[in-house]
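# A look at the structure
Read off the chains here:
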Amino acid sequence: MHRSRGFNGFVLLMGVFMLCLAANSQLTTDFYSKTCPNVLQIVRREIVKAIKVEMRMAASLTRLHFHDCFVNGCDASLLLDGSDSEKLALANLNSARGFEVVDAIKAAVESQCSGVVSCADILAIAARDSSGGPTWKVPLGRRDGLVANLTAANTTSLPSPFENLTVITNKFAAVGLDIKDVVSLSGAHTIGLAKCGTFNNRLFDFGGTGAPDSTIEATMLSDLQNLCPLNGDVDKTTALDRNSQDLFDNHYFQNLLNNKGVLGSDQILYSSNEAISTTKALVESYSSNANLFFTDFTNSMIKMGNISPHTGSNGEIRKNCRVVNSS
Ligand code: HEM
Ligand SMILES: *[C@@H]1O[C@H](CO)[C@@H](O)[C@H](O)[C@H]1NC(C)=O
Ligand SMILES: *[C@@H]1O[C@H](CO)[C@@H](O)[C@H](O)[C@H]1NC(C)=O
Ligand SMILES: *[C@@H]1O[C@H](CO)[C@@H](O)[C@H](O)[C@H]1NC(C)=O
């Protein structure tokens, strides 16, 4: 009796111990130190090359990791081609870019350590290296998923610039991210571009939409109306941070204080009624304290990179990031 209770207690303790292990030690920063010791240098070299060709690629690569992690976890499902490709989702079609650069990185890595480094890890390292923002040790050891999910990418998982703060916050919460993550990660919009089609709903009154949005600063409003006229080219672009578009800094948050957020989903962090008690204070803090933004952004990127990774014998190490390995 005694013995068996002790034994049950032991089993229970071991169970709890192993659960803790599983939760904490899935990814490690030295995962490839034996199997591909130069992986970080190889990725960085390819990114430097790509950014020399086109500065914007820095932003595009940063965004890919986000769009990967929100659908099926950080498993490179975004990179798969085919009829169920997440690349066809509204948020990605004619918008997500950098896939050729990822192919080049993968090829360079494969040439030194074949079949070892996952595409999901390449996206995580690239997001860190490309942004030009704060740096950190990237937890590694993710394996690549075997399926994409277009439906999830199109509707349930990726946030849209037209959604309100409650909906966006819920999409972050669905992958274990909180309000602070919403605000600090939105700070990635300190680099990169947005198309007219992603914010022109704020510029004109299409009938009952309440536009022009009262939370757009007047000069920026007329600039953007000129860039994106009614019935104009919705693919024309402007900087998300019209103050310093190539620099990873805290101007994005300063812009919000001045009603110069480009996307509706940017400006609501500061201006919407929903923002008052939650996100507004964070925007103010980051706008006056770049170091705080960098610290919180780093923590949130690591948290985002931890969304449901495949580890152990789950998933696979893809040879080509665009297709699952043939068995
Ligand atoms: C909070 C919800 C978010 C929404 C609604 C959103 C929406 C958008 C939209 C509409 C664009 C412009 C796309 C285009 O015109 O083609 C964009 C660009 C971008 N987003 Fe987000 N985003 C969000 C969060 C994030 C997060 C968490 C990150 C990364 C950590 C991120 C990184 C970027 C970057 C770097 C760009 C510029 C990409 C480029 O120039 O190629 N965004 N986002
Ligand atoms: C794809 O995502 C949708 C919406 O989140 C979900 O209902 C569906 O079960 C997913 N399909 C697969 C194959 O995981
Ligand atoms: C994505 O969703 C939109 C509506 O949100 C729909 O019009 C479109 O057909 C969908 N596209 C795909 C490829 O599922
Ligand atoms: C946010 O949008 C959702 C879906 O459109 C809607 O049901 C909800 O009422 C909105 N919330 C606020 C506070 O506007």
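For clarity, every value in this text was computed on a predicted model and none was experimentally measured.

Let's shift gears to the overall build of the chain. Scanning the chain from N- to C-terminus turns up 13 helices and two strands. Here the C-alpha radius of gyration of the chain, 21 Å, is about what a compact globule of 327 residues would show, namely 20 Å. Overall size of the chain, expressed as C-alpha extent along the three principal axes, is 75 × 50 × 40 Å. Considering the chain as a whole, with its 327 residues, one finds that 48% of them fall into the buried category. One finds the centroid of the 28 positive side-chain charges in the chain at a distance of 7 Å from the centroid of its 31 negative side-chain charges.

All right, on to the confidence of the model for the chain then. With 91% of its residues at a pLDDT of at least 70, the chain reaches an overall mean of 92. Predicted confidence for residues 1-5 stays below pLDDT 50, and this span has zero contacts to residues more than four positions away or in other chains. Low pLDDT, under 50, characterises residues 10-25; the predicted model gives this stretch zero contacts beyond four residues in sequence or across chains.

Our focus in this paragraph is the coordination of the iron atom of ligand 1. When only protein atoms are considered, the iron atom of ligand 1 has one donor, His-189 (NE2), at a distance of 2.1 Å. With respect to the helices and strands, the residue His-189 is situated in the loop between helix 8 (179-186) and strand 1 (193-195).

For the rest of this paragraph, the subject is the domain arrangement of the chain. Entries for the chain in the domain assignment read domain 1 (39-155) and domain 2 (177-304). Distance between the C-alpha centres of domain 1 and domain 2: 24 Å. Tallying the contact residues gives 20 residues for domain 1 and 13 residues for domain 2. Together, Arg-56, Pro-134 and Trp-136 form the three largest contributors to the area buried by domain 1 at its contact with domain 2, with a combined 37%. Between domain 1 and domain 2 we count zero salt bridges in total. Run the count over domain 1 and domain 2 and you get one residue pair in polar contact (both at pLDDT 80 or more). A total of six residues in the side of domain 1 that touches domain 2 trace back to one element, the largest contributor, which is helix 3 (residues 57-69). Of the residues assigned to the side of domain 1 that touches domain 2, the class counts are 11 nonpolar, seven polar and two charged.

This part covers helix 12 (residues 280-288). Looking at helix 12, one finds that the buried residues are Leu-282, Val-283, Tyr-286 and Ser-287. Taken around the axis of helix 12, the buried residues stretch over an arc of 135 degrees, which confines them to a single face. Where the residues of helix 12 are buried, they touch helix 8, helix 10 (251-257), helix 11 (264-271) and helix 13 (290-305).

The backbone of Asn-94 sits at a positive phi, close to 55 degrees, despite the residue not being glycine. Its location among the elements puts Asn-94 in the loop between helix 3 and helix 4 (99-112). The residue Ser-308 is not glycine, and still its phi comes out positive at about 35 degrees. Among the structural elements, Ser-308 can be located in the segment after helix 13.

This part takes up the site of ligand 4. Neighbouring ligand 4 are Asn-164, Val-167 and Glu-274. Between Asn-164 and ligand 4, the recorded distance is 2.3 Å, taken from a side-chain N or O atom to an oxygen atom.

What follows covers the packing of aromatic side chains. Scanning the entire structure with this criterion turns up 14 aromatic pairs. Considering the side-chain rings of Phe-253 and Phe-293, the 5.0 Å spacing of their centres and the 70 degrees angle between planes classify their relative orientation as edge-to-face. With Phe-253 in helix 10 and Phe-293 in helix 13, the pair connects residues that are 40 residues apart, well separated along the chain. Both residues of the pair, Phe-253 and Phe-293, belong to the buried class. Members of the aromatic cluster, joined through ring pairs, are Trp-136, Phe-248, Tyr-252, Phe-253, Tyr-286, Phe-293, Phe-294 and Phe-297. Across from the ring centre of Phe-99, 4.4 Å away, lies the NZ or CZ of Lys-87, which sits over that ring.

The next subject is a nonpolar patch on the surface. Taken together, the side chains of Leu-146, Val-147 and Val-324 present a nonpolar region at the surface, about 250 Å² in accessible area. Locating Leu-146 in the fold gives a position in the loop between helix 5 (119-130) and helix 6 (150-156).

To continue, consider the packing of helix 7 (residues 165-173) against helix 8. Where helix 7 meets helix 8, the closest approach of the two axes is 9 Å, and the angle between their N-to-C directions is 105 degrees. The angle between helix 7 and helix 8 places the two elements in the roughly perpendicular class. On helix 8, the residues touching Ile-168, Thr-169 and Phe-172 of helix 7 are Ile-179, Asp-181, Val-182 and Leu-185. For the contact of helix 7 with helix 8, the per-class residue count stands at five nonpolar, one polar and one charged.

Conventions used here
Residues numbered from 1 in each chain as written. Chains lettered and ligands numbered in written order. Predicted model: local features only at pLDDT ≥ 70, side-chain atom pairs only at ≥ 80, totals over all residues. Heavy atoms only, no water. Helix = DSSP H or I, 4+ residues; strand = E, 2+ residues; numbered from the N terminus. Rg over C-alpha atoms; globule rule 2.2 N^0.38 Å. Buried < 20%, exposed > 50% of the residue type's maximum accessible area, 1.4 Å probe, protein only. Lys, Arg positive; Asp, Glu negative; His and termini not counted. Charge placed at Lys NZ, Arg CZ, Asp CG, Glu CD. pLDDT = per-residue confidence, 0-100. Contact = heavy atoms within 4.5 Å. Donors = N, O, S within 2.8 Å, 3.2 Å for Na, K, Ca; no water. Domains from an automatic or database assignment. Buried area = accessible area lost by both parts, 1.4 Å probe. Salt bridge = Lys/Arg side-chain N within 4 Å of Asp/Glu carboxyl O. Polar contact = N/O pair within 3.5 Å; in protein donor to acceptor, adjacent residues only side chain to side chain. Nonpolar A, V, L, I, M, F, W, Y, C, P; charged D, E, K, R; others polar. Arc of directions from axis to C-beta. Near = heavy atom within 4 Å. Phe/Tyr/Trp six-rings, centres within 6.5 Å; stacked < 30°, edge-to-face > 60°. Lys NZ or Arg CZ within 6 Å of the ring centre and 35° of its normal. Patch = residues over 30% accessible without salt bridge, like charges linked within 9 Å, V, L, I, M, F, W, Y side chains within 5 Å. Areas by Shrake-Rupley, 256 points an atom, 1.4 Å probe, with all protein chains shown as cover. Axes fitted to C-alpha atoms, helices over the stretch in contact; angles between N-to-C directions. Parallel < 35°, antiparallel > 145°, perpendicular 65-115°, else oblique.

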